[in-house]
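# A closer look at the structure
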Amino acid sequence: MNAAAGFEAVFLDPVGRLVQQRWADAAVAVAFEELDPVSAFPVVPGRRWGPGWWWSATCGRHVASGSNAMRVQLMVLDRDPRVVAMAGRPVRLLWRDGRGRERSWVPQLFARYADGTGLLADCPSHAEAGGQRALTAAAVLVQACAQVGFVYRRLEPLDEMVEANVKWLAGYRHPRNQGRPGLASAVREAFAQPRPLLEGAEAVGDPIEVLPVVFHSLWQGQLTAPLDVPLHEHVLVHAVGPEAESAAGRNEGAGRSGAEDGHGAGKGLGKQRLR
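Notes on the structure follow. Everything quoted here is computed from the prediction, not taken from an experiment.

### Focus on the overall build of the protein chain
For the protein chain, the helix and strand inventory stands at nine helices and 13 strands. By residue count, 42% of the 275 residues in the protein chain fall in the buried class. Sequence separation of 24 or more characterises 60% of the internal contacts of the protein chain that already satisfy a separation of 6 or more. Surface exposure of the protein chain reaches about 14,700 Å², of which carbon and sulfur atoms provide 53%.

Spelled out as structure tokens, the structure:
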């Protein structure tokens, strides 16, 4: 069993039985995103962060997580519109090296994309994490995934500011932060043109009620804001998508009509200030 002859996959079936199967067959037939971890995440004494669970808005359930670095990457994937499901350590890959010795590796996570392809990934806390064994396994897994139309990656840690903002938005990922009926649409319309975060929230209503909806919409990608700067009250927020374009058109039309009949000059000046 070597890279030329193919790889083997080991996983737990839905009733908990250990199964070993040709990787090429398993990649087509097995829903890895629905499986339990094939082996437990290790507990390292002295580490501040250990194994736990991440509630995924994409999956609507908990996903096993092994470290803070992995938890952050789960947040990133949870926001990715291409991702439809995730799982922690659902499969072990086996192969033989150039000397015929059996080798194995369990990638930390699996993500299923909307087109049916998959991502196997590890989440190192720094570039050299895992040592040479991890780097060697990474090169092999790139080959294994390429054979079946999947992708393998060692996901790099985020910039500190981006990580802090993603963590903040993740706190508003639950659907309960959509707010009362109609509020999310009003929020998107308020940000049809870029404007400061707090100003847009106040234009909709009480910020105590509206801000969770703003942050939920930012998490979902219905609103956008730069994540490499602090999400303070003055950061510019902008709605995205067809609904936002339609609202922007209505706003611009209203501005033109107001200018023609001598009303709405204040609104026009307001938009200039936001630019």
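Having seen the model, we can carry on.
### With respect to the sheet that holds strand β13 (residues 236-239)
Reading across from one edge, β11-β13-β12 is the order of the three strands in this open sheet, with antiparallel pairing throughout. Looking at which strands have only one partner, the edges of the open sheet turn out to be β11 (195-196) and β12 (223-224).

### A few points about the packing of aromatic side chains
Under the defined criterion, the tally for this structure stands at nine aromatic pairs. Seen from their ring centres, Trp23 and Phe150 are 5.9 Å apart, and the 85 degrees between their planes marks the pair as edge-to-face. Separated by 127 residues along the polypeptide, Trp23 in helix α1 (residues 23-29) and Phe150 in the loop between α3 (131-148) and β10 (151-154) bring together distant segments of the chain. By relative accessible area, which is 1% here, Trp23 ends up buried. Assessed through its relative accessible area of 7%, Phe150 is described here as buried. The ring centre of Trp54 lies 3.7 Å from the NZ or CZ of Arg173, which sits over that ring.

### Observations concerning the nonpolar core
Ranked by size, the top nonpolar core spans 41 residues in total, and within it Phe191, Val214, Leu218, Leu223 and Val237 carry the most contacts. Top element by residues in this core is helix α7 (residues 207-220). It accounts for six residues. The residues touching Leu223, leaving out its near neighbours within four places in the chain, are Val187, Arg188, Phe191, Val214, Ser217, Leu218, Val237, His238, Ala239 and Val240. Core analysis: the second largest hydrophobic core is formed by 24 residues, Phe11, Ala26, Val140 and Tyr152 among them.

### Overview of the side chain of Asp122
You can see Asp122 is positioned in strand β9 (residues 118-122). In this structure Asp122 is buried but unpaired, with Arg154 as the nearest side chain of opposite charge at 5.6 Å. A distance of 2.9 Å separates the side chain of Asp122 from the side chain of Trp105, its partner in a polar contact. A polar atom in the side chain of Asp122 sits 2.5 Å from the side chain of Tyr152.

### With respect to the environment of Pro124
When you line up the elements, Pro124 lands in the loop between β9 and α3. The class for Pro124 is buried, based on a relative accessible area of 12%. Between the alpha carbons of Pro124 and Gln73 there is a distance of 9.9 Å; along the sequence they are 51 residues apart. Those residues in contact with Pro124 that sit more than four places away from it in its chain are Ala69, Gln108, Ala129, Arg154, Leu155 and Pro157.

### Brief notes about the sheet that holds β10
Ordered in space as β5-β8-β9-β10, the four strands form an open sheet in which the pairing is mixed. Only two strands of the sheet have a single neighbouring strand rather than two, namely β5 (83-88) and β10. Mean inter-strand twist for the sheet, computed between neighbouring axes without regard to direction, equals 20 degrees. The pairing of β5 with strand β8 (residues 109-113) spans five bridges and is antiparallel. Considered in β8, the bridge of Val83 is made with Tyr113. Across the sheet, α3 lies against β9 and β10, angled at about 160 degrees from β10, the strand it touches most.

### Some points on the environment of Ala26
Relative to the assigned elements, Ala26 resides in helix α1. As a C-alpha pair, Ala26 and Val10 span 16 residues in sequence and 9.1 Å in three-dimensional space. Beyond its immediate sequence surroundings of up to four residues, Ala26 is in contact with Ala9, Phe11, Gln21 and Phe32.

### Here's the deal with unusual backbone geometry
The phi torsion at Arg89 lies on the positive side, around 50 degrees, for a residue other than glycine. Position of Arg89 relative to the elements: it lies in the loop between β5 and β6 (92-96).

### Considerations on helix α6 (residues 197-204)
Residues of α6 that are buried: Leu197, Gly200 and Ala201. Across the axial projection of α6, the buried residues extend over an arc of 100 degrees, all falling on one side. Its buried side turned inward, α6 meets α5 (183-190), β11, α7 and β13.

What counts and how
- Residues numbered from 1 in each chain as written.
- Predicted model: local features only at pLDDT ≥ 70, side-chain atom pairs only at ≥ 80, totals over all residues.
- Heavy atoms only, no water.
- Helix = DSSP H or I, 4+ residues; strand = E, 2+ residues; numbered from the N terminus.
- Buried < 20%, exposed > 50% of the residue type's maximum accessible area, 1.4 Å probe, protein only.
- Contact = heavy atoms within 4.5 Å.
- Areas by Shrake-Rupley, 256 points an atom, 1.4 Å probe, with all protein chains shown as cover.
- Pairing = 2+ DSSP bridges.
- Phe/Tyr/Trp six-rings, centres within 6.5 Å; stacked < 30°, edge-to-face > 60°.
- Lys NZ or Arg CZ within 6 Å of the ring centre and 35° of its normal.
- Core = buried A, V, L, I, M, F, W, Y, C linked by side-chain atoms within 4.5 Å.
- Lys, Arg positive; Asp, Glu negative; His and termini not counted.
- Salt bridge = Lys/Arg side-chain N within 4 Å of Asp/Glu carboxyl O.
- Polar contact = N/O pair within 3.5 Å; in protein donor to acceptor, adjacent residues only side chain to side chain.
- Axes fitted to C-alpha atoms, helices over the stretch in contact; angles between N-to-C directions.
- Arc of directions from axis to C-beta.

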